[in-house]
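Survey of secondary and tertiary structure
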Amino acid sequence: MKTILITGSSRGIGLELVRQLATSSQCEIIATCRDPESSDELNDLAKTYPDKVKVLPLDVESETSIESLAKQLEGHSIDLLYNNAGILDWRTIEELEAPVMERIYKVNVVGTMLVLRSFLPHLRRANAPLVVNVSSRLGSISLRGNTQLGGAIGYSASKAALNMLTKQASIDLAADGITVVSISPGWVRTDMGGPDAKYSVEESVEKIIRNTEGFEPKDSGGFFGEDGETIPY
Ligand SMILES: NC(=O)c1ccc[n+]([C@@H]2O[C@H](COP(=O)([O-])OP(=O)(O)OC[C@H]3O[C@@H](n4cnc5c(N)ncnc54)[C@H](OP(=O)(O)O)[C@@H]3O)[C@@H](O)[C@H]2O)c1
């Protein structure tokens, strides 16, 4: 049975990943979130699927929290890691302040790096380990060239950095057989995406899961859209 670790499972895409995976697959899901006690919907899922869903605390801003979970799960293998936790900020270059940008990087980039690094021993125990970093088209430098969409400068830069992290980690971890990809979930109706977004969270997560099932080592280092298309860095 596969073990899947998901960060940021309290709501939005992370919560829906837990819901759909628990309903449809034979797997054990380690559904992590900052504050398990207040994550009611996640706890309801854990009650409905007690053999499949374990809710554990993980704040990706805290190295202590990450290391403590990695230690708690020592000796377990992790087949699939969804680095999903993320924060958005729409500020432009003139509005953005250093502490805001630092926090965006801390969650979206440093947090992802620390989670990946801390769970390498667990991934190495799996047969065909896969890491899916949830990025964004806003992190594609090439696409920005096409659309000239401004704003969200800290977020976009963080997702571009996340994409580089994917690429470099895919090279560093190739010898271990660990596949690392970035995906964009599309524009999704969550707290982050807002009510006007293109996809319901159910539609987006169906696509994410379908794509994830098809990823192979040859895809490592790639950046993929919700329909499986390659997104240019
Ligand atoms: N929605 C979109 O249109 C869209 C588009 C492109 C990419 N994405 C990416 O998709 C991912 C999920 O987004 P979403 O739409 O589901 O956002 P969301 O509804 O705002 O949910 C974000 C999740 O991340 C968690 N999180 C934030 N900071 C965290 C931390 N320090 N440690 C652990 N968890 C933390 C939140 O937990 P709390 O409940 O504790 O705050 C929440 O579970 C993000 O990486 C985002 O950048 C989303």
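Bear in mind the structure is a predicted one, so any value in this text is a computation, not a measurement.

Attention now moves to the packing of helix α1 (residues 12–24) against helix α8 (residues 201–214). In the contact formed by α1 and α8, the axes pass within 9 Å of each other and the chain directions differ by 65°. Both α1 and α8 take part in a crossing whose hand is right-handed. Between α1 and α8, the residues in contact are Gly12, Ile13, Glu16, Leu17, Gln20 and Leu21 and Val201, Glu202, Val205, Glu206, Ile208 and Ile209, respectively. Classifying every residue of the contact of α1 with α8 by side-chain character gives seven nonpolar, two polar and three charged.

If you look at the biggest cluster of nonpolar residues, it comprises 31 residues, and the most contacted ones within it are Ile29 and Tyr82. When residues in this core are grouped by element, the largest group, six residues, is from α1. Residue contacts for Ile29: discarding those within four places in its chain leaves Ile4, Ile6, Val18, Leu21, Ala22, Lys52, Val53 and Lys54. Membership of the second largest hydrophobic core comes to 26 residues, among which are Val60, Leu73, Ala85 and Val107.

Counted by the stated rule, this structure contains 14 salt bridges. Across the pair Lys71 and Glu74 runs a salt bridge, and its minimum N-O distance is 3.7 Å. The exposure classification of Lys71 matches that of Glu74, with both residues exposed. Sharing partners across several salt bridges, the network here consists of Glu16, Arg19 and Glu41.

This brings us to the pairing of strand β5 (residues 130–134). Among the five residues of β5, five are classified as buried, and the element is accordingly described as predominantly covered. Side chains of β5 alternate between two faces, with Leu130, Val132 and Val134 and Val131 and Asn133 buried alike. Strand direction decides the pairing type here: strand β4 (residues 80–83) and β5, joined by four bridges, are parallel. Along β5, the bridge assignment pairs Tyr82 with Val132. As paired strands, β5 and strand β6 (residues 179–183) are joined by five bridges and run parallel to one another. Paired with Asn133 across the strands is Ser182, a residue of β6.

Rules used in this analysis
Residues numbered from 1 in each chain as written. Predicted model: local features only at pLDDT ≥ 70, side-chain atom pairs only at ≥ 80, totals over all residues. Heavy atoms only, no water. Axes fitted to C-alpha atoms, helices over the stretch in contact; angles between N-to-C directions. Helix = DSSP H or I, 4+ residues; strand = E, 2+ residues; numbered from the N terminus. Left-handed = near helix turned anticlockwise from the far one by under 90°. Contact = heavy atoms within 4.5 Å. Nonpolar A, V, L, I, M, F, W, Y, C, P; charged D, E, K, R; others polar. Core = buried A, V, L, I, M, F, W, Y, C linked by side-chain atoms within 4.5 Å. Buried < 20%, exposed > 50% of the residue type's maximum accessible area, 1.4 Å probe, protein only. Salt bridge = Lys/Arg side-chain N within 4 Å of Asp/Glu carboxyl O. Pairing = 2+ DSSP bridges.

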